[in-house]
Amino acid sequence: METQEKISVINIAVMSDLHCYHPKDDKWPIDSYLTSNKLRSPSKDHPIQALLEILPSIVDSKIDYLLCPGDVANRADQQGFIDGWGFVLEIGQALKVDEIISTLGNHDVDSRHIGSTDIYTIAKGIKKGFPINEVSLCNEFWANGFTFVEKENVRILVINSVFFHHTQSEIDKGKVDPTQLEAIEKYLSNLNDDKLKLALCHHHPLPHERFKLGSGDVIVGGNELIDLLNKYKFDLLIHGHKHDPWLRYAPGSGSSVPIFSAGSFSATTNQILNGKRNTFHLVTLTKTENASYGKIKTWEYLPNIGWKLADSGDDGFPVHSGFGFKGKIVDLINDTDRVITKDFMDWEKFIKEVPEVEFLTPDECIEFRNSLEIRFNIITHPPLPNRPKIIGKPYNPSQP
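These numbers were taken from a predicted model, which means no experiment stands behind them.

Reading the values: rules and limits
Residues numbered from 1 in each chain as written. Predicted model: local features only at pLDDT ≥ 70, side-chain atom pairs only at ≥ 80, totals over all residues. Heavy atoms only, no water. Helix = DSSP H or I, 4+ residues; strand = E, 2+ residues; numbered from the N terminus. Buried < 20%, exposed > 50% of the residue type's maximum accessible area, 1.4 Å probe, protein only. Contact = heavy atoms within 4.5 Å. 1 Å grid on protein atoms, 1.4 Å probe; cavity = no way out; pocket = protein on both sides within 12 Å on 5 of 7 lines; lining within 4 Å. Points joined across faces, edges and corners; volume = space filled by probe spheres on them. Nonpolar A, V, L, I, M, F, W, Y, C, P; charged D, E, K, R; others polar. Core = buried A, V, L, I, M, F, W, Y, C linked by side-chain atoms within 4.5 Å. Axes fitted to C-alpha atoms, helices over the stretch in contact; angles between N-to-C directions. Parallel < 35°, antiparallel > 145°, perpendicular 65-115°, else oblique. Left-handed = near helix turned anticlockwise from the far one by under 90°. Salt bridge = Lys/Arg side-chain N within 4 Å of Asp/Glu carboxyl O.

Draft legend 1. Representation of the environment of R210. Looking at the secondary structure, you find R210 in the loop between β7 (196-200) and β8 (219-220). The partly exposed category is assigned to R210, whose relative accessible area is 26%. A sequence separation of 64 residues divides R210 from N274, and the C-alpha atoms of the two residues are 9.0 Å apart. The residues contacting R210, other than those within four sequence positions of it, are D244, P245, W246 and K276.

Now the structure itself:
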């Protein structure tokens, strides 16, 4: 009798680094498009209202979770935090998610003790399910700097990477210490199941220095954290902080955890520092008995235009990306050449023939595109990593 393979699938929405604040006077710096006093009309000039307007048309599957990797507020602004978390709840309600799970960012704690002596006074006072709806898990998160959210087919490790931000000298870095890592491993070592495994934190566990973004804010202990996630075969780590969306694999073996930097939902600093647009993502993660793989669909926000499918090309994060391809790019290229027998082919038909292409990271996608053109004169239009409509070989009069 043939045994049917078990397949687990979850859909996740990700909105990170809102940096919501309440402008107190004209001298307040413009750090975010999302302020607590912003009118919702015109809707395209309000990141939340603009997203609410398009959600019914862009969501075609049940969204299980909404994840927020921190920096709901900007510069520990209390009113911004209260309204920012309200905005997250509003999007979660519109998506009809089962649960909203967040973590703390460095802008969510009063590390400089401007308004309080306890850095967590505002964050703990937000209530309304922040950062996790279940009270016992919240208590673990505040006490230990991490907790595990357990669901029927999903395990989510939620890390507070600003747990040690008690003085100004500690505010630049994220950190997980050996005691936390030991406790995380003890928890994981007692489990033996095939749940989907996610990790959520604010800071990046590995250096994220491109576009001159600097290295001083990486998680201390990040390499050890990655080793643990690799050892226990986590399927994805999602973080915020850098405002630079990026999808890559951690160093290690073929089962290294994919690391997804979600970028910023509404901050303006990313456009000044690295030219990156604001982003909102829907992630589908699938796990079989032998593999896990995922797809990410991304929208970009532009003031006065609202949210639209990402189309920044090589300079931005693509509208469609993925992770989990374990093969060699050269094999995909050879498979593509066998499928493209003449002229051009509809992209959707091509994907059915070579489905592994959907699970390439953006950097792998560019490598695939460039190698295809150089080796077989096969092009895509529009060119990858934008979503192509067609793929094929341009007419060459010198060839028979």
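Now that the structure has been shown, the text picks up again.
Draft legend 2. Spotlight on the layout of surface pockets. As a volume, the largest pocket reaches approximately 580 Å³. Considering the residues around the largest pocket, the lining is formed by 32 residues, among which T284, K295, I296, K297 and H320 are closest to the centre. Of all the elements in the fold, those that place two or more residues in the lining of the largest pocket are β1 (8-14), α1 (47-58), β12 (278-287), β13 (292-302), β15 (320-323) and α9 (347-353). At 5 residues, β13 tops the list of elements feeding residues into the lining of the largest pocket. For the lining of the largest pocket, the residue count by class is 18 nonpolar, 9 polar and 5 charged.

Draft legend 3. Representation of the environment of Y187 within the structure. Mapped onto the secondary structure, Y187 falls in helix α5 (residues 178-189). With a relative accessible area of 31%, Y187 lands in the partly exposed category. Separated by 39 residues in sequence, Y187 and F148 have C-alpha atoms that sit 9.0 Å apart. Non-local contacts of Y187, meaning those with residues more than four positions away in its chain, are made with F148, E150 and R155.

Draft legend 4. Broad picture of the nonpolar core. Counting residues in each nonpolar core, the largest one holds 71 residues, and the members touching the most others are L104 and F280. The element that contributes the greatest number of residues to this core is α1, accounting for 7 residues. Those residues within four positions of L104 in sequence are excluded, and the remaining contacts are G70, F81, V109, Y120, A123, F130, F141, W142, N160, V162 and H202. In this structure, V176, L206, A250 and V257 belong to the second largest nonpolar core, which totals 22 residues.

Draft legend 5. The arrangement of empty space enclosed by the protein in detail. For the structure shown, the criterion picks out 1 cavity of 30 Å³ or more. Reported here for the largest cavity is a volume of approximately 40 Å³. Lining of the largest cavity is provided by K6, S8, D194, K287, T288 and E289. Tallied by class, residues from the lining of the largest cavity come to no nonpolar, 2 polar and 4 charged.

Draft legend 6. How the structure looks around the packing of helix α8 (residues 329-339) against helix α10 (residues 362-376). Here α8 crosses α10 at 50°, and the two axes come no closer than 10 Å. Here α8 is positioned oblique relative to α10, judged by the angle of their axes. Of the two possible hands of crossing, α8 and α10 adopt the one that is right-handed. Residues I329, V330, L332, I333, N334, T336 and D337 of α8 form the contact with α10, whose participating residues are E364, E367, F368, S371, L372, R375 and F376.

Draft legend 7. Structural detail: unusual backbone geometry. Cis peptide bonds are those with omega within 30 degrees of zero, and the linkage from S41 to P42 qualifies with 5°. Tracing the sequence through the fold places P42 in the loop between β1 and α1. Here the residue pair H381 and P382 is connected by a cis peptide bond, since its omega of -10° sits within 30 degrees of zero. Considering the arrangement of structural elements, one finds P382 in the loop between β17 (379-381) and β18 (390-392). Of note in this structure, K233 is not a glycine but carries a positive phi near 55°. One can find K233 in the loop between α6 (222-231) and β9 (236-239).

Draft legend 8. Region of the structure containing the pattern of salt bridges. Within the structure shown, the criterion is met by 22 salt bridges. Among the ionic pairs, E90 bridges to R40, the shortest N-O distance being 2.8 Å. One end of the pair, E90, is in helix α2 (residues 78-95); the other, R40, is in the loop between β1 and α1, with 50 residues separating them in the sequence. Residue classification places E90 among the partly exposed positions, given a relative accessible area of 25%.

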